Amino acid sequence: MGNISEDSSREDCKSLQSLPSGESPAISSVMFSAGVLGNLIALALLARRWRGDAGRSAGRGNSISLFHVLVTELVFTDLLGTCLISPVVLASYARNQTLVALAPERRVCIYFAFAMTFFSLATMLMLFAMALERYLSIGHPYFYQRWVTRRGGLAVLPTIYTVSLIFCSLPLLDPEKYVQYCPGTWCFIQHSQTTYLQLYATVLLLLIVAVLACNFSVILNLIRMHRRSRRSRCGPSLGSSRDGPGTRRRGERVSMAEETDHLILLAIMTITFAVCSLPFTIFAYMDQTSSQKNKWDLQALRFLSINSIIDPWVFAILRPPVLRIMRSVLCCRVSLRTRDAAQTSCSIQSNANK
């Protein structure tokens, strides 16, 4: 009898026309407001950063940081997704109707499900592009300087949107794969009788692993940069006669500090997306009965939606002064631990030269 009632409940959710009593739009309203406000603040800070970089680079001929171009595209994607998805939920609450009942032929339900899959995949692809840019910048600087340009960074957004559009349009060939879930304020890919949901979750999981691998490689390269800069303090470099050792060392310290700041920001965004997409991955591979019993479907949607809210706030909070504090905390122990070793190495080399 329990299984029969659960099956009938699932069928009722798919065709439910009005929202159950007691449903409140409070959570959806707070999420929408926080998402829009956070993204607008992040875009304003990025615009200020763009003006500052443009002013500083006017006399030097340097281009604006490609990393910040990609961050801008990520924030724009989050803002666009929030503005195109959340109002549908608020309209459902305002009319006390489910997404299926808002428009004939389940058009709103299909639109909502497609938009959710599209913007979630686009966000993860943007994070992968940011991680790949850091990996090439640190690990393959000659290739990066020759082939990676700011114009190429501007082409990343339409490329990602095209790939996401093609991949997420596959269920549109059979709109029945999109179904409504309880309490009737959201639609997504049907949990049973389709392998596309598991394929979609697998793609997200592989992208997360790829981003983590790129970040780990960047960490290793930053450690090598730190060791090289530590060795260079023992004596003048080959180029000291032209630029001076002090100028070169200051340039290395600034470069490494900037790369560390970018890594901290990217790592926190990646961890946030990994945590937010974990319930969805579990939901995709769970048995349908278990997911309904534990309400994993609703939890997965909420966590997946929270990511576009947290990302801009992460950028807004982690301003350069905060990043400097975090960098000093992370590097303090390493610096204290290696200072004595560097001094010992320098003294040994000096005695050997004498």
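Rules and cut-offs
Residues numbered from 1 in each chain as written. Predicted model: local features only at pLDDT ≥ 70, side-chain atom pairs only at ≥ 80, totals over all residues. Heavy atoms only, no water. UniProt positions renumbered as here; feature names shortened; annotations may be inferred. Patch = residues over 30% accessible without salt bridge, like charges linked within 9 Å, V, L, I, M, F, W, Y side chains within 5 Å. Areas by Shrake-Rupley, 256 points an atom, 1.4 Å probe, with all protein chains shown as cover. Salt bridge = Lys/Arg side-chain N within 4 Å of Asp/Glu carboxyl O. Helix = DSSP H or I, 4+ residues; strand = E, 2+ residues; numbered from the N terminus. Buried < 20%, exposed > 50% of the residue type's maximum accessible area, 1.4 Å probe, protein only. Axes fitted to C-alpha atoms, helices over the stretch in contact; angles between N-to-C directions. Parallel < 35°, antiparallel > 145°, perpendicular 65-115°, else oblique. Contact = heavy atoms within 4.5 Å. Nonpolar A, V, L, I, M, F, W, Y, C, P; charged D, E, K, R; others polar. Polar contact = N/O pair within 3.5 Å; in protein donor to acceptor, adjacent residues only side chain to side chain. Pairing = 2+ DSSP bridges.

As recorded in an unreviewed UniProt entry, the protein chain goes by Prostaglandin E2 receptor EP2 subtype and comes from Mustela putorius furo. Regarding the protein chain, the UniProt comment filed under Function (unreviewed entry) reads as follows: "Receptor for prostaglandin E2 (PGE2). The activity of this receptor is mediated by G(s) proteins that stimulate adenylate cyclase. The subsequent raise in intracellular cAMP is responsible for the relaxing effect of this receptor on smooth muscle." The Sequence similarities (unreviewed entry) field of the UniProt record for the protein chain holds the comment "Belongs to the G-protein coupled receptor 1 family."

Asker: Give a detailed account of a nonpolar patch on the surface, specifying residues and quantitative values.
Answerer: The grouping of F216, I219, L220 and I223 at the surface amounts to a nonpolar patch, some 340 Å² of accessible area in total. Relative to the helices and strands, I223 is located in helix α9 (residues 196–232). Of the residues examined, I223 reaches a relative accessible area of 38% and is grouped as partly exposed.

Asker: Would you mind going over the packing of helix α3 (residues 66–95) against helix α8 (residues 156–168) in detail, with residue names and values included?
Answerer: At their nearest, the axes of α3 and α8 sit 10 Å apart, and the two run at 45° to each other. Between α3 and α8, the crossing angle belongs to the class labelled oblique. Of α8, the residues touching α3 (which contributes L70, E73, F76, T77 and L80) are V156, L157 and Y161. Across the contact of α3 with α8, the residue classes tally to six nonpolar, one polar and one charged.

Asker: Talk me through the side chain of Q180; I want residue IDs and the actual numbers.
Answerer: For Q180, the position within the fold is in strand β1 (residues 178–181). Given a relative accessible area of 2%, Q180 falls into the buried group. For Q180, the side chain forms a polar contact with the main-chain nitrogen of L99, separated by 3.2 Å. Setting aside residues up to four positions removed in sequence, Q180 forms contacts with C13, K14, S15, L16, T98, L99, V100, C109, W186 and C187.

Asker: Residue-level account of the side chain of E133, with values.
Answerer: With respect to the helices and strands, E133 occurs in helix α5 (residues 107–139). Classification of E133 by relative accessible area gives buried; the value is 5%. Apart from residues lying up to four places away in sequence, E133 is in contact with L66, F67, L70 and Y144.

Asker: Please set out the environment of I85 residue by residue, giving values where relevant.
Answerer: Its place among the elements puts I85 in helix α3. For the pair I85 and S305, spaced 220 residues apart in sequence, the C-alpha separation works out to 9.5 Å. Residues contacting I85, with those up to four places away along its chain left out, are F112, A115, M116 and F119.

Asker: With reference to specific residues and values, describe unusual backbone geometry.
Answerer: Note on backbone geometry: most residues besides glycine have negative phi, and most peptide bonds are trans. Notably, E105 is not glycine yet its phi reads approximately 60°, a positive angle. Here E105 is to be found in the loop between α4 (99–102) and α5. For R106, which is not a glycine, the phi torsion comes out positive at approximately 55°. Structurally, the position occupied by R106 is in the loop between α4 and α5.

Asker: Hey, could you go over the pairing of β1 for me, with residue numbers and the actual values?
Answerer: Alternating residues of β1 divide into Y178 and Q180 and V179 and Y181, and every residue in both groups is buried. Two elements, β1 and strand β2 (residues 186–189), share four bridges in a ladder whose sense is antiparallel. In the sheet register, Y181 faces β2, and the bridge partner there is W186. In this antiparallel pair of consecutive strands, β1 and β2, the connection spans four residues, and G184 shows a positive phi of 105°.

Asker: Got a sec to walk through the UniProt feature "transmembrane region" (unreviewed entry) in the protein chain? Specific residues and values, please.
Answerer: When the UniProt feature table is mapped onto this chain, "transmembrane region" (unreviewed entry) is found at residues 26–46, 66–90, 110–132, 153–173, 199–223, 263–286 and 298–318. End C-alpha to end C-alpha, residues 66–90 measures 36 Å, and it is 100% helix and 0% strand. Each end of residues 153–173 is marked by a C-alpha atom, and these two atoms are 32 Å apart; helix forms 71% of the span and strand 0%.

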